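If you want the building blocks of each chain, they are given just below.
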Amino acid sequence: MTALTALSALLTGCGGGGGDSSGASNAPEVLNTPFGTVQGAPPKAEGAPVEGDWIVILLEAEPATLNPSLEISDSYTQRITDGYGGNIFETMLVSNRETQAEEPWIAERWEISEDKLTYTFYLRKDVTFSDGKPLTAQDVLFTYESIMNTANLTADKRSYLVDFESAIALDEYTVQFKAKQPYFLHLDVLGSLQILPKHIYGEGNFNEHPANRAPVGSGPYRFEKWDTGQQLVIAKRSDYWGPKKPLVNQIHYKFITDNNAAFQLLRRGEVDEMRLTPEQWVRQASQPDITSQYQKYTLYSPVDGYGSSFGWIGWNATKPFFSDKRARQAMTMLLDRDTIGKTIYHGLVRVVTGQAFPDSPSYDKTIAPWPFDPAAAKALLDQAGWVDSDKDGIRDKDGVPFKYEWIYPSGSPEYEQLATVYKEELTKAGIDVTLRPLEWASFLESVNKRSFDACSMAWVSPMKGDPYQIWHSSQITNGSNYVNFANPEADKIIEEARLEFDDEKRDAMYRRFHAILHEEQPYTFLFNSQRKVAISNRFQGVTPYALGFDMRDWWVPLDQQRYK
């Protein structure tokens, strides 16, 4: 699924640790790997991997829930419940982190009918949840049915399952799904459902279930505690059923929304993993006191969208200011993205014009970004009827002044700077914008209720993208189409692309969809950036794969372990 996440969590740039302006002369050498750059990895420890210790991970925001089926879940929920491939909840299939091929996990095998309408999964019989109860076909069915239940806040997940007409248990460990029509992602969607135990979540209000804050899953870690506003702890299961068990005993997630405070924790060695902003990466994290404690990774991948994201400003089309595409185009042309990318983001990002991963064949590289051109933007606003009729310095139309509110997640210094620069340019153009940074949970509530004029965040794209969740008009009311984008041709392309199994033909359809988005400008597309991560050099076995890290590889030599 496409994951919703705070822009501040993804403000990491492209490329390696180059561009260091700190003047540090003893910075460790940058090594290139197939899936990223590594700087300062510790020497390989002698002896076999051992168990023990904790890892302390810093999160820039606190998740709203730990129920991965709910649409209010976000990338922070996913980082805790899924981690790098399954912490608390697990799936029937997993993608090999190196080859990207689908492999058995909870399901030991599967069958697909020739017409691609029937999917049958044969479950392992030794899988247990953390409370000791067995995982059966009934749990898989319950997970599916809870997502399909329209009373539940699961619209974004449901958008990927709309083509299924039935799901049944053939026996205690076999489950079969039947679809009305083929879809190129059916196997991926079913195989990646995070299985919830029916005996826990099957009673009570699914949306507000107590287990949403104290989850029970089949993964290698069990939930321990959630200290609101401070931290969340999960601990390794001694009875874990899986073939690959983690070595680190506990994972502590600390919620620190202030970037300066977060970096001080890193500097004092009180955090083991932290995603860095471009400013931190270029300047602070290149200082010797950091490079002596941490290995730094720039993750990239041949997989579309993995390890990268794109930020955006979304224009609510139900608001009078943004109902005309000329006004939306003008808003984009009033933002100097090139200069902002070079200055605020230290050149570690690239301007994007559409939603697909810029290096994927679904992305049309022939489409040039709308230029920064205030004069042309003002002309477009005039054409759209937004003129300063009462000479008060603010454009107006039909008695409505062009005054709007822009909400975005708080805690990102880069975004605060971007907003300030943008506001100055908008003021010159006769537009009055009120900047309103919000704490993450409040921000998500406003976005889900569509109670905003303009909003900003970032999308992390899945391996195989399908724009249905974000852009199809059916997703306006309850899905992820927060900006009320509706375009008949776009809907038709999105629907037909779901039926197309030929990658080249589907990519061509998505490139046309890209052109429609560029013309309509429901978003002002900002920047594509990639993750930059600092990890304590206590940890051995940290290897970037095509699909990221596998934390079950990580371990700490006994003489370097800190926690019992």
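Our structure is the block above this text.
Participant: I tried to follow helix α6 (residues 259-267) on my own but got confused; where do I start?
Facilitator: The α-helix winds at 3.6 residues per turn, so residues separated by three or four positions along the chain end up facing the same way. Three or more residues of α6 are buried, namely N259, A262, F263, L265 and L266. The buried side chains of α6 occupy one side of the element, clustering within an arc of 150° when seen end-on. Structurally, the start of α6 carries an N-cap: the backbone nitrogen of N260 is 3.0 Å from a side-chain oxygen of D258. Phi turns positive, to about 75°, at G269, one or two residues after α6.

Participant: What is the right way to look at the packing of aromatic side chains in this model?
Facilitator: Ring pairs (aromatic) are described by centroid distance and by the angle formed between their planes. The tally for this structure, following the rule as stated, stands at 36 aromatic pairs. Residues W386 and F402 carry aromatic rings whose centres are separated by 4.7 Å and whose planes lie at 55° to one another, so their mutual orientation is tilted. Linking W386 in the loop between α11 (374-383) and β18 (396-397) with F402 in the loop between β19 (400-401) and β20 (403-409), this pair joins segments that are 16 residues apart in sequence. Under the relative-accessibility criterion, W386 is labelled buried at 1%. The buried category is assigned to F402, whose relative accessible area is 0%.

Participant: Teacher, can you tell me more about the side chain of E425 here?
Facilitator: In this structure, E425 sits in helix α12 (residues 413-428). Here E425 is in contact with L334, F372 and P374, once residues within four sequence places are set aside.

Participant: Before we go on, may I ask you to explain the packing of helix α15 (residues 488-498) against helix α16 (residues 503-520) in this structure?
Facilitator: Helix-helix packing is characterised by the crossing angle of the two axes and by the distance between the axes. The N-to-C vectors of α15 and α16 enclose an angle of 160°; their axes lie 10 Å apart at closest approach. By the angle class used here, α15 and α16 are roughly antiparallel. Handedness of the crossing formed by α15 with α16: left-handed. Contacts between α15 and α16 involve E489, A490, I493, I494, E496 and A497 from the first element and R506, M509, Y510, R512, F513 and I516 from the second. For the contact of α15 with α16, the class distribution of residues is eight nonpolar, no polar and four charged.

Conventions we followed
Residues numbered from 1 in each chain as written. Predicted model: local features only at pLDDT ≥ 70, side-chain atom pairs only at ≥ 80, totals over all residues. Heavy atoms only, no water. Buried < 20%, exposed > 50% of the residue type's maximum accessible area, 1.4 Å probe, protein only. Helix = DSSP H or I, 4+ residues; strand = E, 2+ residues; numbered from the N terminus. Arc of directions from axis to C-beta. Polar contact = N/O pair within 3.5 Å; in protein donor to acceptor, adjacent residues only side chain to side chain. Phe/Tyr/Trp six-rings, centres within 6.5 Å; stacked < 30°, edge-to-face > 60°. Contact = heavy atoms within 4.5 Å. Axes fitted to C-alpha atoms, helices over the stretch in contact; angles between N-to-C directions. Parallel < 35°, antiparallel > 145°, perpendicular 65-115°, else oblique. Left-handed = near helix turned anticlockwise from the far one by under 90°. Nonpolar A, V, L, I, M, F, W, Y, C, P; charged D, E, K, R; others polar.

These values are about where atoms sit, not about what they do.
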